[in-house]
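Descriptive analysis of the structure
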Amino acid sequence: MASSLTKDSASPAAEKTFFGHPRGLATLFMTEMWERFSYYGMRALLVYYLVSGGADAATGSQGGGLAMTAATTTAIYSVYVSMVYLMAMPGGWFGDRVWGARKTVAIAGFVIMGGHLSLALPGQAMFFVGLILVAVGSGLLKANISTMVGHLYDGPEDPRRDGGFTLFYVGINLGAFVAPLVVGTVGKEHNWHLGFALAAVGMGLGLTQFLLGTKHLSPKSSVVPNPLSADERKAVLTKVALAVLGIAVFYGAVVALGAYTLNWALVPLTLAGLFIPIAVLTRIKRDKDLSGAEQSKMTAYIWFFIAAAVFWMIYDQGGSTLSLFADDKTADTVLGLGFSATWYQSLNPLFVMALAPVFAWLWVWLSRKNQEPNTIVKFAMGLVLIGASFFVFIVPMGMAGDGTKVSPMWLVSIYMIQTIGELCVSPVGLSVTTKMAPQKYASQMMGVWFLAVTAGDCITSLLSIGGVDLNGTWVIAFQALAAVLAGFAVYTYRKKVQVLMGAVH
């Protein structure tokens, strides 16, 4: 994408700008766009590679995947996505206390690229090494690159700040939109490992852009805000070494006894993804340093957190349950033109780019008329919509029961409903997190918000590991009903929650 750099006549140095914003935004825009290209490209292939077995002689489709069951595939996919968001918290810690944001993002880029290159190599061992590297690298990058966008502006009151983050958000969705069309098509329809290699190329382009453009970033991005003391560094290294040693000894014993199965890895990760969010929220809630008002806001925030976890539990199945349905039971032609099932993964970013400005305008318009729904009502709307999307999903599931290939428009409709729900929950959740964060945990609460995604995806993984068929009609109906009931519960108790929120609206 062209950077559209222009001269800023108002600046004494006549510095180049990026659509009127600091030039460093172009660097971060392109870095994030290519990183999202690599991430969503790989993610579009993930479930199909896991379930693919031998080549189909009748259709000519490629084989060469890992030939896993749908249940195992869903569990792995859900654990992987949950770990990406779980890693955002230690990623932020590294930026704040060890390397600084700029160095952390650079290292993350190399780790992510290494992960995709591992995926490009055949073999189950290299596949899981690749997943681990991409999850760790994505967590390191996600937590710090947004912080660097903020560093480009003169504090929260800079009038360009919101517009800068909007442009940055466009970069995210642009990369996410293009990736399934390119990486997905090449990987699924031609060669899995070539697709994963393309994801590595994408991250390589983003990393190159970042390294060449670092001179345009704010000096703040290189500063370590709260560096570890020598004693703290020694204590951390000791704890990490002991943890790694303990894990190595435990799993070495399991392997030596011949008892190892994939669940020995999936179950601990899934349980950790559930217990860590609970432990973090409990620790913050019980902190005696919080004032009464902050304690009250944290109680209200837990409502939002649980609602968000339910929302993401269903929403993230767009890359697993819905993807499997798209490949097996949905027609792959429109007006005589064929397409890859991975293309459905481009619908969400496309709808976000199309609808986000509409919703931004709508909230402002309603606010002027004093009719804008408050945060609680928006959350309730998002839950009802995500539940409604699965109620709609039941219809094509029934139609496909006899082997009929249903119209692609069913999935287009489902993804659109889910995106509208996302626009009621995700931006609002980010905003309310910053507003309700206790002063002591101001910089950590964004990581806490991401833990809601971790919790939701780990619930999905736990159900799959437990033998629940998430592709079954009754399970889909149960999830839809749970989300709608959660939405109504949030709406019913909105006045009580609003009192807990205090002055936050």
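The following refers to the structure shown.

Focus: unusual backbone geometry
Its identity as a non-glycine residue notwithstanding, Ala67 has a phi of 55 degrees, on the positive side. When you line up the elements, Ala67 lands in the loop between helix 1 (24–51) and helix 2 (70–86). In this structure, Leu335 takes a positive phi of about 55 degrees despite not being glycine. Along the chain, the position of Leu335 falls in the loop between strand 4 (333–334) and strand 5 (337–338).

Comments concerning the packing of helix 3 (residues 88–97) against helix 5 (residues 124–151)
Two quantities define a packed helix pair, namely the angle between the axes and the distance from one axis to the other. Running from N to C, helix 3 and helix 5 point in directions that differ by 60 degrees, and their axes come no closer than 7 Å. Classified by the interaxial angle, the pair formed by helix 3 and helix 5 is oblique. Pair helix 3 / helix 5 crosses with right-handed handedness. When helix 3 is examined against helix 5, the residues Ala88, Gly91, Gly92, Phe94 and Gly95 are found in contact with a partner set consisting of Gly139, Leu140, Lys142, Ala143 and Asn144.

Brief notes about the nonpolar core
Ranked by size, the top nonpolar core spans 101 residues in total, and within it Met42, Tyr80 and Tyr301 carry the most contacts. The element contributing the most residues to this core is helix 10 (residues 292–315), with twelve residues.

Points about the environment of Trp312
Positionally, Trp312 belongs in helix 10. By relative accessible area, which is 8% here, Trp312 ends up buried. Spatially, the C-alpha atom of Trp312 lies 9.8 Å from that of Ser426, the residues being 114 residues apart in sequence.

Calculation criteria
Residues numbered from 1 in each chain as written. Predicted model: local features only at pLDDT ≥ 70, side-chain atom pairs only at ≥ 80, totals over all residues. Heavy atoms only, no water. Helix = DSSP H or I, 4+ residues; strand = E, 2+ residues; numbered from the N terminus. Axes fitted to C-alpha atoms, helices over the stretch in contact; angles between N-to-C directions. Parallel < 35°, antiparallel > 145°, perpendicular 65-115°, else oblique. Left-handed = near helix turned anticlockwise from the far one by under 90°. Contact = heavy atoms within 4.5 Å. Core = buried A, V, L, I, M, F, W, Y, C linked by side-chain atoms within 4.5 Å. Buried < 20%, exposed > 50% of the residue type's maximum accessible area, 1.4 Å probe, protein only.

So, to be careful, I would describe these as geometric facts and stop short of saying anything about function.
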